[in-house]
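Observations on the model geometry
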Amino acid sequence: MLLSLFANLLGKLSLKQLPHDPVTAVGASMIVAVPILLAILLTVTKRWKWLYREWLTTQDHKKIGIMYIIVAVAMGLRGLADVVLVRAQQALASGNSHGILNASHFQQIVSAHGTIMIFFVAMGLMFGIINLIVPLQIGSRDVAFPFLNATGFWLFFAGMALINVSLVIGDFAATGWLAYPPLSELAYSPTVGVDYWIWSLEIAGIGSLMAGVNFIATILKKRVKGMKLMLMPLFSWSVLGSMFLVVFAFPILTVTLTLLAFDRTFGMHFFTSSYGGNMMMYVNLIWAWGHPEVYILVLPAFGAYSEVVSAFARKRLFGYTSMVWAIWAIVVLSFIVWLHHFFTMGASPDVNAFFGIMTMIIAVPTGVKLFNWLFTLYKGKLNLKTPLYWFIAFVVVFTIGGMAGVLMAVPPLDFQFHNSLFLVAHFHMMIVSGVLFGYFAAITYWFPKFFGFKLNERLGRYAFWNWLIGFLLAFVPLYILGFMGATRRLDHYSASLGWQPLFIVAAIGVVFIIAGVVFQFLQLVVSIWQRNNEGMSHKDPWDGRTLEWSLPTPVPIYNFARLPIVSTRDAFMAIKKAKLIDNRPYEPIEIPKNTPLSILIALGAFLFGFAFVWHIWWLVVVGFITTVLSIIVRSMDEHPTRLLSAKQVEKMEQSYKEAAV
Amino acid sequence: MSKTKKRLGIVSFLVFAVLITAGVYLSHVNIPVLQPRGPIADKEFKLLVLIVSSMLIVAVPVFLLLAYVVWRYREDNPKRGKYEPDWEHSRWLEGLWWAIPAILITIVSVITWNASYALNPYLPLKSSNKAITIQVVSLNWKWLFIYPNQKIATINYFELPVNTPIHFYLTSDAPMNSFWLPQLSGQIFTMAGMQTQLYLAADSMGTYYGSSANISGVGFANMHFNAISVSSTSFKAWALSVKDKSPNLSMNEYMMLRQPSSIVKNVNYSYPVNCLFNTIINSYMMPVANGMGKVGV
C-alpha cells in the first residue's frame with residue numbers, strides 16, 4: 001500500500017531508468033562526478049559563501065557573461081565526446097562489424113550532439129560574449145533589465161541541467177536534433193527521451209527570449225549620450241539584428257514544443273499522422289524558428305569578425321554603412337527562407353523556386369560583408385595574430401560552405417543533397433567557421449580586457465592549425481560521401497558501398513580537433529602561468545578602437561565611472577587621438593542588488609520540466625509555484641537597486657587605478 | 001624567409017600527396033550523384049556543374065583577394081603597401097560588390113525558376129514507352145514496392161525496364177522517410193496519410209543503390225534497397241515469374257509486414273490486396289472505422 005503510493009508519487013520514474021550499458025554508465029558517472037567534485041572543492045576551500053555572493057546571486061552582466069562561457073565550454077566538451085562516439089561508430093560499423101553502439105544509442109548521441117552544440121554551446125558562447133561586450137561598447141553602466149538578464153541565464157542553465165540529467169536517468173531523444181513527428185510522437189518514441197528534449201529546449205528557449213528582450217532594450221535605450229545608432233560599433237549592430245531575430249523566432253519554438261508536449265502528454269493530435277494531425281505543420285513551424293536561429297548565431301560572430309578585422313588591420317572598418325544594411329537585409333531575408341529545409345516534401349515548383357531564390361539572395365549581403373572585410377585588410381598594417389588566423393580560415397571555409405549552400409538552394413539539386421552527408425558537411429562548414437571560429441577569435445581578442453593578460457600566441461597558433469586541419473579532414477570527406485549517396489544518422493552501412501575509408505579519414509580529423517582543443521586548454525593554463533611576464537599583461541594590447549578598451553581591468557561593477565563623450569565611430573580611438581583627459585566630478589551610480597530570485601525561478605522551471613518528463617504531477621505543481629512565487633516576490637520588491645555615492649565611486653576608481661597595469 | 005619557403009614546400013607536398021591519394025581512391029569507387037544513369041539524374045548533374053561554375057565567379061576572386069591582401073599588407077612585409085588607417089569608404093567599390101553578386105544571383109534565380117519546373121518530380125517523363133506505375137510504401141523498416149498493373153509486390157528491391165518512365169506514388173505506414181535513388185533521381189518524402197509522386201527512368205542496365213534519407217527509428221540504417229534496371233523483355237519475364245511463384249500479399253500478410261522489423265533480404269509477393277496502397281493512406285484519414293482496425297497513430 002505504502003509502496004504503491006510511493007511509486008505513484010514518482011510517476012514513471014523507477015530504478016530501471018538508471019543506465020545499464022557501459023558507454024552510458026561512463027557518461028552518466030562523469031555527469032554525476034563533476035558537480036560532486038565541485039562541491040567538495042568548494043567545501044574544502046570554504047568558498048560556498050563566495051560562490052553565492054559573487055556568482056549565484058549576481059546581477060552583473062560581466063559575471064553572467066563569464067558564467068555563460070563556462071557552461072558553453074563544459075557543454076562543448078560533452079558535445080565533443082558525442083562526436084568521438086559518432087565518428088568511431090561510423091568508422092567501424094561497416095559490413096559485418098556493428099561498431100561500438102547499438103542503433104538507438106547511436107541515434108540518441110547524434111541527437112544530443114546537435115541539440116547541445118546549438119543550444120548550449122553556440123548560444124552560450126554568443127550570449128556570454130554579448131553580455132561581456134555590448135554594454136561596454138555602447139558606453140552603458142548596465143543592461144536595461146539586469147534581473148531579466150540573470151533569469152535568462154539561469155533558465156539556460158536549467159535547460160542545460162535537464163538535458164544532462166537525461167544521460168543519468170532515462171534516455172534522450174533518438175529522433176535527430178529537431179525531432180520530426182510522427183517519429184517523435186508517443187507511438188514511435190514511447191520513452192521519455194523526446195520529453196527531455198522538449199522541456200530542456202522549452203526552458204532554455206524562454207531564457208534566450210528574455211536575453212533577447214533585454215539586449216534590444218539595452219542597445220536601443222542605454223547607449224551613451226552622443227552615440228547615435230550609426231556611430232555604434234558593428235558588433236553591437238549585429239547583436240541588435242540577432243536579438244530581433246531571437247524575439248521573433250523563439251516564441252515559435254516555444255509554441256511548437258508546447259504543442260508536441262501536448263500531443264505526447266495529453267494525447268492531443270497536433271502533429272500525429274492521423275486524427276487530423278499534420279506532421280508537415282511541425283516541420284514548417286520548427287524551421288520557421290530554425291532558419292532564423294542560424295542567423296541568430298552567425299550575426300554576432302560576423303560582428304565579432306568586424307571588430308577583430310578592424311583592430312588587427314589597425315584600420316577603420318571599410319564600408320560601415322553597407323555592413324549595417326547587409327545585417328538588416330539578412331535579418332529580414334532569414335524569415336522567408338525556411339521552406340528550403342524541406343524542398344523534398346512535394347511542394348509545387350513555384351513554391352520551391354520562390355524559397356530557393358530568397359535563399360540565394362542572402363548570398364548577396366553576405367558577399368558584401370566578405371568584400372568589406374577584405375577591403376578593411378587592404379591598405380592596412382596587419383597584426384597577424386591568432387584572431388586574424390581564425391578570420392582567414394573563416395573566409396576560406398565559409399566561402400566553400402556558402403557555395404554548397406547556394407547549390408542546395410536550387411530545389412532540383414537539393415533533391416540530390418537533402419539529408420545526405422553533403423548537407424551535414426555544408427552546415428558544419430557554415431556554423432563551425434561562421435560561429436565557432438568567430439567566437440574563438442572574439443575570445444582571444446577580448447580576453448585581456450577581462451583578465452588583464454593576453455593568451456599565449458604560439459599555443460593559440462598550434463590550436464588553430466590542429467583545428468583547421470582536423471576540421472577539413474573531418475568534413476571534406478563528408479561532401480564526397482554525400483555524392484556517394486551516404487545519408488546522415490546511419491549507425492551502420494554495407495561494406496560494398498566503399499564509404500569506410502572516407503569515414504576513417506573523418507575520424508582522424510576528429511583526433512586533430514581534439515588536439516586543437518587540448519592546445520586551447522594548454523594555452524589558457526600557460527597564459528595564466530605567464531600572466532605577469534613582460535608583454536603579456538596589457539590594458540589595451542591591440543590598440544583598441546571601441547569604448548570597452550577605455551575601461552580599467554577588471555572592469556568596475558558600474559563599468560563607466562564617468563560616462564564617455566562620444567561624437568564619432570571608433571569612439572575610444574578618437575579619445576586617444578585627442579588625448580582627452582576627463583576631469584569631471586564623479587556622480588552617484590545606481591547598481592542592482594544581488595538577489596537569489598533569478599536562480600529560484602530557474603529552479604522552479606527545472607523541477608517543472610523534470611516532473612513533466614516523468615509525469616510526477618505534484619512536483620509539476622511545486623515547480624510552478626516556486627517560479628510564480630519568486631516572480632511575485634520580485635515584483636513586490638520596491639528597492640531592487642542600491643546607490644553608490646560619488647565618494648564611494650571615487651574610492652573604487654582609485655583602487656582600480658592602483659590595481660590596473 | 002628560407003624557413004617559410006621550406007615550410008611552404010612541405011605543406012604543398014603534403015597537400016599534393018593527399019590529393020593524389022584521394023584522386024586514385026575516388027576513381028575506383030562508385031559516386032552515384034556524379035554518375036547519373038537516367039535522364040532526371042543526368043539533368044540534375046548538369047545543373048550542378050552549371051551552378052558550381054557560376055558560383056566560382058565570386059568565390060575565386062574572394063580567395064585571390066584574401067591571399068593578396070594578407071600577403072601584401074602583413075606588418076612584417078618590407079614591401080608592404082601604403083598604410084591608410086582612415087580609408088573607410090568607396091561608393092564605387094561598394095556599389096560594385098552589391099551589384100556583381102546581385103546580377104549573378106539574378107541569373108542563377110532564372111535558372112533556378114526554370115529548373116524547378118523542368119525537374120518537378122510530379123512532371124510526367126516524355127517517352128515513346130508507356131510509363132510503369134510503382135506504389136512505394138515505407139514501413140518500419142523496409143520498403144514495399146507494389147506493381148498494381150503487374151499484380152506483384154516486392155520488398156527492398158524492385159526491377160524496372162530500361163528507357164521506360166516509372167511513375168512512383170509514395171506514402172508511408174511508419175514515420176516520415178525520404179525515397180532517394182541518386183543515380184536515377186533526387187529524393188521525395190514519404191508521409192503517412194499522404195501521397196507524393198516521382199517520375200524517373202534508367203537509361204542503362206544495372207543495379208542502383210537507394211535508401212531512406214530521413215531518420216525513422218532504430219532500424220533506419222536498414223532502410224535501403226536496390227533498383228535493378230533490365231531489358232524490357234526480361235522485366236516482363238521477371239514480373240510473370242514473381243506473379244506465378246510468390247505467395248499472396250493478403251491483408252494479414254501486410255499487417256505482419258507493417259510490424260516493426262528489419263528485412264534485409266529481397267522478398268517477392270503476388271496478387272497484393274486490391275487497392276492496398278489507397279487503403280494504407282485512408283487508414284490515417286479514418287483511423288477507427290476501417291478494415292485495418294486502429295492503425296493510425
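Residues numbered from 1 in each chain as written. Chains lettered and ligands numbered in written order. Predicted model: local features only at pLDDT ≥ 70, side-chain atom pairs only at ≥ 80, totals over all residues. Heavy atoms only, no water.

**Regarding the nonpolar core**
Counting residues in hydrophobic clusters, the biggest one holds 246 residues, and the most contacted among them are Phe120, Trp197, Trp373, Leu377, Trp446 and Trp499 of chain A. Structurally, this core is a two-domain feature, drawing no fewer than three residues from each of domain 1 (30-74 + 92-119) and domain 2 (132-283) of chain B. Excluding its chain neighbours within four sequence positions, the residues that come into contact with Trp499 of chain A are Leu481, Met484, Gly485, Ala486, Leu490 and Tyr493 of chain A together with Tyr25 and Tyr209 of chain B. Judged by nonpolar contacts, the second largest core, of 31 residues, contains Tyr147, Leu181, Leu200 and Ala227 of chain B. (Core = buried A, V, L, I, M, F, W, Y, C linked by side-chain atoms within 4.5 Å. Buried < 20%, exposed > 50% of the residue type's maximum accessible area, 1.4 Å probe, protein only. Domains from an automatic or database assignment. Contact = heavy atoms within 4.5 Å.)

**Points about the pattern of salt bridges**
Taken as a whole, this structure holds 20 salt bridges over all chains when the rule is applied. Its salt-bridge partner being Arg569 of chain A, residue Glu88 of chain B comes within 4.0 Å of it at the nearest N-O pair. Here the residue Glu88 of chain B occupies a position in the loop between helix H2 (39-73) and helix H3 (91-118), and Arg569 of chain A occupies one in the loop between helix H17 (500-529) and helix H18 (571-578), the pair thus bridging two chains. Asp582 of chain A is the partner of Arg584 of chain A in a salt bridge, and the nearest nitrogen-oxygen pair spans 2.6 Å. Overall, Arg584 of chain A belongs to the partly exposed group, its relative accessible area being 35%. Among the charged side chains, a salt-bridge network with shared partners connects Arg316, Arg569 and Lys577 of chain A together with Asp86 and Glu88 of chain B. (Salt bridge = Lys/Arg side-chain N within 4 Å of Asp/Glu carboxyl O. Helix = DSSP H or I, 4+ residues; strand = E, 2+ residues; numbered from the N terminus.)

**So, the sheet that holds strand E9 (residues 206-212) of chain B**
Residues and elements named next belong to chain B. If you walk across this open sheet you meet the five strands as E4-E10-E9-E6-E7, and the pairing is mixed. Both outer strands of the open sheet, strand E4 (157-161) and strand E7 (185-190), are each paired with one neighbouring strand and no more. For this sheet the average axis-to-axis angle between neighbouring strands, irrespective of direction, equals 20°. Relative to strand E10 (residues 224-230), E4 runs parallel, the two sharing five bridges. Bridging across to E10, Phe158 finds its partner in Ala227. (Pairing = 2+ DSSP bridges. Axes fitted to C-alpha atoms, helices over the stretch in contact; angles between N-to-C directions.)

**Quick word on the packing of helix H9 (residues 279-313) of chain A against helix H15 (residues 421-451) of chain A**
Residues and elements named next belong to chain A. In contact at an axis separation of 8 Å, H9 and H15 are set at 45° when each is read in the N-to-C sense. By the angle between their axes, H9 is oblique relative to H15. By crossing handedness, the relation of H9 to H15 is classed as left-handed. Contacts from Leu297, Val298, Pro300, Ala301, Ala304, Tyr305, Glu307, Val308, Ala311 and Phe312 of H9 reach H15 at Ser433, Gly434, Val435, Phe437, Gly438, Tyr439, Ala441, Ala442, Tyr445 and Trp446. Looking at side-chain class alone, the contact of H9 with H15 contains 16 nonpolar, three polar and one charged residues. (Parallel < 35°, antiparallel > 145°, perpendicular 65-115°, else oblique. Left-handed = near helix turned anticlockwise from the far one by under 90°. Nonpolar A, V, L, I, M, F, W, Y, C, P; charged D, E, K, R; others polar.)

**Observations regarding the domain arrangement of chain B**
Residues and elements named next belong to chain B. Annotation of chain B at the domain level lists domain 1 (30-74 + 92-119) and domain 2 (132-283). One C-alpha centre belongs to domain 1, the other to domain 2; they are set 36 Å apart. Taken together, the contact pairs eleven residues of domain 1 with 13 residues of domain 2. At the boundary of domain 1 and domain 2, one finds zero salt bridges. Put simply, domain 1 and domain 2 have five residue pairs in polar contact (both at pLDDT 80 or more) between them. Grouping the constituent residues of the side of domain 1 that touches domain 2 by class yields six nonpolar, three polar and two charged. (Polar contact = N/O pair within 3.5 Å; in protein donor to acceptor, adjacent residues only side chain to side chain.)

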